[in-house]
Amino acid sequence: MSVEPRDYVARLRAQADDPGREEALRRDRRVRRLKIALAAGAGVLLLGGFGFWLADSTGERPPYEPYGAKVLHEEVWPLEWPYTVDMPFRNSPASGWAEGADGIYVAPPMPSGGLSEKDMTAVLEDVRTLLVETNVSEDTLAGAEPTAALALLDPRGADEAVRKDMVTRFDPKEVYLDGSGIRTRGAMTYRVSAAGEMVVHVDYVFVYPLVRAEEGHEVVPGAPEVARIAVRRQFTVTSRGGKLVLGAYASEVANHDCAAPKDGRLHPLFAEGRWKAGQAAEGARVTLADLYDEKRVLPSGPGHCVTPTGT
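Rules behind the numbers
Residues numbered from 1 in each chain as written. Predicted model: local features only at pLDDT ≥ 70, side-chain atom pairs only at ≥ 80, totals over all residues. Heavy atoms only, no water. Core = buried A, V, L, I, M, F, W, Y, C linked by side-chain atoms within 4.5 Å. Buried < 20%, exposed > 50% of the residue type's maximum accessible area, 1.4 Å probe, protein only. Helix = DSSP H or I, 4+ residues; strand = E, 2+ residues; numbered from the N terminus. Contact = heavy atoms within 4.5 Å. Phe/Tyr/Trp six-rings, centres within 6.5 Å; stacked < 30°, edge-to-face > 60°. Lys NZ or Arg CZ within 6 Å of the ring centre and 35° of its normal. Pairing = 2+ DSSP bridges. Salt bridge = Lys/Arg side-chain N within 4 Å of Asp/Glu carboxyl O.

Some details on the nonpolar core
Alright, step 1. Within the largest apolar cluster, 41 residues are counted, with the highest numbers of intra-cluster contacts made by Met188, Val200, Tyr208 and Phe235.
Alright, step 2. Of all the secondary structure elements, the ones that give two or more residues to this core are α3 (117-135), α5 (147-150), β4 (183-192), β5 (198-212), β7 (223-240) and β8 (243-254).
Alright, step 3. Contacts of valine 200, omitting those with residues within four sequence positions, involve Val123, Leu124, Val127, Met188, Thr189, Tyr190, Phe235, Thr236 and Val237.

Comments concerning the packing of aromatic side chains
Alright, step 1. Evaluation of the coordinates by the stated rule reveals 5 aromatic pairs.
Alright, step 2. Consider the rings of tyrosine 64 and tryptophan 275, whose centres lie 5.5 Å apart with planes at 55°: the pair is tilted. Placement of the pair is tyrosine 64 in the loop between α2 (21-58) and β1 (83-84) and tryptophan 275 in helix α7 (residues 271-281), with a sequence separation of 211 residues.
Alright, step 3. Residue classification places tyrosine 64 among the buried residues on the basis of a relative accessible area of 13%.
Alright, step 4. Each ring, one from tryptophan 77 and one from tryptophan 81, has its centre 5.4 Å from the other, and the planes form 70°; the classification is edge-to-face. Here the two residues tryptophan 77 and tryptophan 81 agree in accessibility, since each one is buried.
Alright, step 5. Against the face of phenylalanine 270 rests arginine 212, its NZ or CZ located 3.9 Å from the ring centre.
Alright, step 6. For arginine 228, the ring lying beneath its charged end belongs to tyrosine 83, and the centroid distance is 3.8 Å.

Some words on the pairing of β7
Alright, step 1. Within β7, 14 of the 18 residues are buried, which leaves the element mostly enclosed by the surrounding structure.
Alright, step 2. Bridge count for β1 against β7 is 2 bridges, and the pairing is antiparallel. Its bridge partner lying in β7, tyrosine 83 is registered against valine 226.
Alright, step 3. Looking at chain direction, β5 and β7 are connected through 13 bridges and run antiparallel.

Quick word on the pattern of salt bridges
Alright, step 1. Under the definition given, this model contains 9 salt bridges.
Alright, step 2. Arginine 90 is the partner of glutamate 74 in a salt bridge, and the nearest nitrogen-oxygen pair spans 3.0 Å. Residue glutamate 74 is located in the loop between α2 and β1, and its partner arginine 90 is located in the loop between β1 and β2 (98-99); the two are separated by 16 residues in the primary sequence.
Alright, step 3. Taking the relative accessible area as the measure of exposure, arginine 90 reaches 2% and is therefore buried.
Alright, step 4. With a closest N to O distance of 3.1 Å, arginine 156 and aspartate 154 form a salt bridge.

What follows is the structure, given as C-alpha cells:
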C-alpha cells in the first residue's frame, strides 16, 4: 500500500508535536546508558578476577617455584626457576663446552731447554691424568680414592689438606651425576725453567649437573630438578725426579652448601637452597665470584666456597 507524501509529512509533524515524545526519548537514553555501564562493569570484574588469580598464583609463591611451567618452554624460564634433566645447562656458558676428559687437551709440545718432546709429553700426560682422575673419574666422583693419580705428586710438596681438596667427590646417597655429563674448560701451559725442569700451570673449570638420589620434587612431570656445582682449580707443578712437585695452589667451588659438614664431599644447593643462600647473603659482606672469568686469579689456598654469579 502506497502512502501519500502529504499524509507522511502530516504524521511526522504529529509525532514531533506529541508531548510524550521527549519522555520516551529520555527513557531510551537511560536504558542505553545502563546497558553500557553494566557491560563496562562486567569487563572490570573480569579483569579484576584475572588480576586476583594472577596475584594468587604468583604472589604467594617463592620466586624459585615455577607456576604454569608446562605452558612455557624451559629455554625461556626465569633465571630463578630450577634446572631440569631436560636442560641441565640452561643459562650456563658451560652448555657448549667439551664433555668430561675431552675438555683437558694436551697439545704436542715443542722440545725446549734440552728436554725432548717425548719427555715433555710424558709430564703433560701425568698432569692430565691427575686432573682427570681427581675431577672427572666416575669412581672418584662416587667416593673412591684416586690413589694412583695422587701418587704422581711428591708428598713433600703437597700437604694432606691440599691433597684432599684436589679431589672432587659427591655423596652417592645424596646425588648422582646427570646423564648429560660434566662440562670442562681450561688451559694447560708450560715452560722449562733455568734448571731444565718442566713447569706446568693448569687452570680448569668443571661443571657438574646433579640429580637427587632420592625421588624428589619433579619440576614438571617426568623432569626431576638438576643442581649445578662448578669447581675451578688453578695450580702449578714442577717435574722433578719423576714426580710432580706442587707449587702454588688455589681452588674455588660454587653452589656448594658452605654450611655442610666438612666430610670431603660437595653438597649442591638446589633451587630452594640457592634462593635461601642468596637471601642470607643480602646485606652481608659476600663477594660474588664469576668462575667463568678466565682472567681472574683465585685467592691462594684450597677450598674457597663462594657465592657464584652463575654456574
